[in-house]
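# Close look at the chain arrangement
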Amino acid sequence: MLDWLENDLLLAIHSCEPASSDASFRRYFRIKVPDGQFIVMDAPPLQENVEPFIRIANLLTRSLVNVPTIFQQNLGDGFLLLEDFGSQCFLDQLNEHTAAGLYESAFDSLFKLQTNTPKLDSGLPVYDEPLLKRELAIFDDWFLERSLDITMPEPLRNTVHDILIASALEQPKTCVHRDFHSRNLMVLNADSPGVIDFQDAVIGPVTYDLVSLLRDCYIAWPERQVEQWMAQYYQRLLQTDLINCDLDRFKRWFDLMGMQRHLKAIGIFSRLHIRDNKSGYLKDIPRTLNYVTAVCAAYPELAGFGRFLHEQVLPKL
């Protein structure tokens, strides 16, 4: 990587330090040069493909979403030279005094992503039933079976999956970032937030990114505040004809979409621990599972799953 930067790009590097950790095989470094600094992505080609990152960065830039500029690329070795958005993400600065302003800027960015990104000619894959099923299976395989040695009864599993998948598929479709949360939104002096980690974007359910943001796996807010923010954004979507439903239906979509995402996240956190020896995410499982049990308590059709979690899963945590 340094050979490419210094000998191919002729950069005079003063320092090179790790910039952030990642749940994938990608690594990020911050390099300082005489007239500024950059981020270098190192994505090993055998494990990662940087082409979706490049393609989606261009797409989101055209949608007026502030993503890092790609200055140079080396596809053969999996290196990208990127604009540096700094080291302050939303999670670092969120508190009861800053939340209103930070989330308002996040809503503005999400609205651009959802309304400006074309659905038909974007080239993005679709968040379809097979993908939803694969994601739910991560919870069953890696959290229940491999982490806790629990097998969910098949009729219960099928019921839960059917409810969550049907709700996701009936929603209006839009561009979905898939990880729109406090760790991937960077606080900037201008045009904040900077949006990162967008390479897995798809066309999918309209509530997905909103619930990722408001029921964040890494920070929780009082439910009354979450519902207030959700209702405000609902009105924004309604006024632009992106949706055509009442608030109760939108909230059901929001709740069930969040549950699908949180089950997947719990499975991924467990997989990172078991397979990749990355245990830092285990502390986020209780918060994430709490979202799931709260949704189960609110919908009678999920009461059986709620009992299963309370009787067999929670005692093992």
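Structure shown above.
### Some points on the sheet that holds strand β4 (residues 70-74)
Spatially, β1-β2-β3-β5-β4 is the arrangement adopted by the 5 strands of the open sheet, whose pairing is antiparallel. The two strands at the open ends of the sheet, each matched to only one other strand, are β1 (15-20) and β4. In this sheet, adjacent strand axes meet at a mean angle of 25° when their direction is disregarded. As paired elements, strand β2 (residues 27-33) and strand β3 (residues 36-42) share 7 bridges and run antiparallel to each other.

### Describing the packing of aromatic side chains
Summed over all chains, the structure comprises 16 aromatic pairs. When the ring of Tyr-127 is compared with that of Tyr-208, the centres are 5.4 Å apart and the planes differ by 50°; the resulting orientation is tilted. Of this pair, Tyr-127 sits in the loop between α4 (99-116) and α5 (129-147) while Tyr-208 sits in helix α7 (residues 208-214); the two residues are 81 residues apart in sequence, bridging distant segments of the chain. Here Trp-221 and Trp-229 contribute two aromatic rings whose centre-to-centre distance is 5.9 Å and whose plane-to-plane angle is 85°, an arrangement assigned as edge-to-face. The two residues Trp-221 and Trp-229 agree in class, both being buried. Here a set of aromatic residues connected by ring pairs shows up, and it is made of Tyr-103, Phe-107, Phe-111, Trp-221, Trp-229 and Tyr-233. The residue whose ring lies beneath Arg-178 is Tyr-127, and the NZ or CZ to ring-centre distance is 5.1 Å. Between Arg-236 and the ring centre of Phe-111, over which it is positioned, the NZ or CZ distance is 4.6 Å.

### Structural notes on helix α11 (residues 303-313)
Turning to α11, its buried residues are Phe-305, Gly-306, Phe-308, Leu-309 and Val-313. Buried residues of α11 fall within an arc of 160° about the axis and therefore sit on the same side. Those residues of α11 that are exposed and aimed more than 90 degrees away from the buried face are Arg-307 and Glu-311. The inward-facing, buried residues of α11 abut α5, α6 (154-169), α9 (247-274) and α10 (285-298).

### A look at the side chain of Asp-255
One can find Asp-255 in helix α9. Side-chain polar atoms of Asp-255 contact the side chain of Arg-215, separated by 2.8 Å. Discounting chain neighbours no more than four positions away, the residues touching Asp-255 are Arg-215, Val-295 and Tyr-299.

### Observations regarding the side chain of Gln-199
By secondary structure assignment, the location of Gln-199 is in the loop between β8 (194-195) and β9 (202-205). A polar contact of 2.6 Å, which involves the side chain of Gln-199, links it to the side chain of Asp-197. Beyond its immediate chain neighbours, meaning those up to four positions away, Gln-199 contacts Arg-26, Pro-52, Phe-53 and Ile-56.

### Some remarks on unusual backbone geometry
Between Ser-192 and Pro-193 the backbone carries a cis peptide bond, its omega angle lying at 5°. Positionally, Pro-193 belongs in the loop between β7 (185-186) and β8. A positive phi angle, near 60°, is found at Asp-149, a position not held by glycine. Assignment of secondary structure puts Asp-149 in the loop between α5 and α6.

### Describing the environment of Val-126
Relative to the helices and strands, Val-126 is located in the loop between α4 and α5. Along the chain, Val-126 and Cys-175 lie 49 residues apart, while their C-alpha atoms are 9.3 Å from each other. Val-126 has contacts with Leu-131 and Ile-203, leaving out every residue within four places of it along the chain.

### Digging into α5
Here α5 is 19 residues long and its end C-alpha atoms lie 26 Å apart, about the 27 Å a rise of 1.5 Å per residue gives. Along α5, the positions that sit buried rather than exposed are Leu-131, Leu-132, Glu-135, Leu-136, Ile-138, Phe-139, Asp-140, Trp-142, Phe-143 and Leu-144. On its buried face, α5 is in contact with α6, α9, α10 and α11. A side-chain oxygen of the first residue of α5 lies 3.1 Å from the backbone nitrogen of Leu-131; this N-cap is Asp-128. Of the residues one or two after α5, Asp-149 is the one with positive phi, at around 60°.

### Details of the pattern of salt bridges
Applying the stated rule across the entire model yields 18 salt bridges. In this structure, Arg-30 and Asp-84 form a salt bridge, with 2.7 Å as the shortest nitrogen-oxygen distance. Of this pair, Arg-30 sits in strand β2 while Asp-84 sits in the loop between β5 (79-82) and α3 (90-93), placing them 54 residues apart in sequence. Grouping residues by exposure puts Arg-30 and Asp-84 together as buried. For Arg-215, the salt bridge identified is with Glu-223, shortest N-O distance 2.5 Å. Take Arg-215: its relative accessible area is 5%, and that puts it in the buried class.

Rules of the game
- Residues numbered from 1 in each chain as written.
- Predicted model: local features only at pLDDT ≥ 70, side-chain atom pairs only at ≥ 80, totals over all residues.
- Heavy atoms only, no water.
- Pairing = 2+ DSSP bridges.
- Helix = DSSP H or I, 4+ residues; strand = E, 2+ residues; numbered from the N terminus.
- Axes fitted to C-alpha atoms, helices over the stretch in contact; angles between N-to-C directions.
- Phe/Tyr/Trp six-rings, centres within 6.5 Å; stacked < 30°, edge-to-face > 60°.
- Buried < 20%, exposed > 50% of the residue type's maximum accessible area, 1.4 Å probe, protein only.
- Lys NZ or Arg CZ within 6 Å of the ring centre and 35° of its normal.
- Arc of directions from axis to C-beta.
- Contact = heavy atoms within 4.5 Å.
- Polar contact = N/O pair within 3.5 Å; in protein donor to acceptor, adjacent residues only side chain to side chain.
- Expected span 1.5 Å × (residues − 1).
- Salt bridge = Lys/Arg side-chain N within 4 Å of Asp/Glu carboxyl O.

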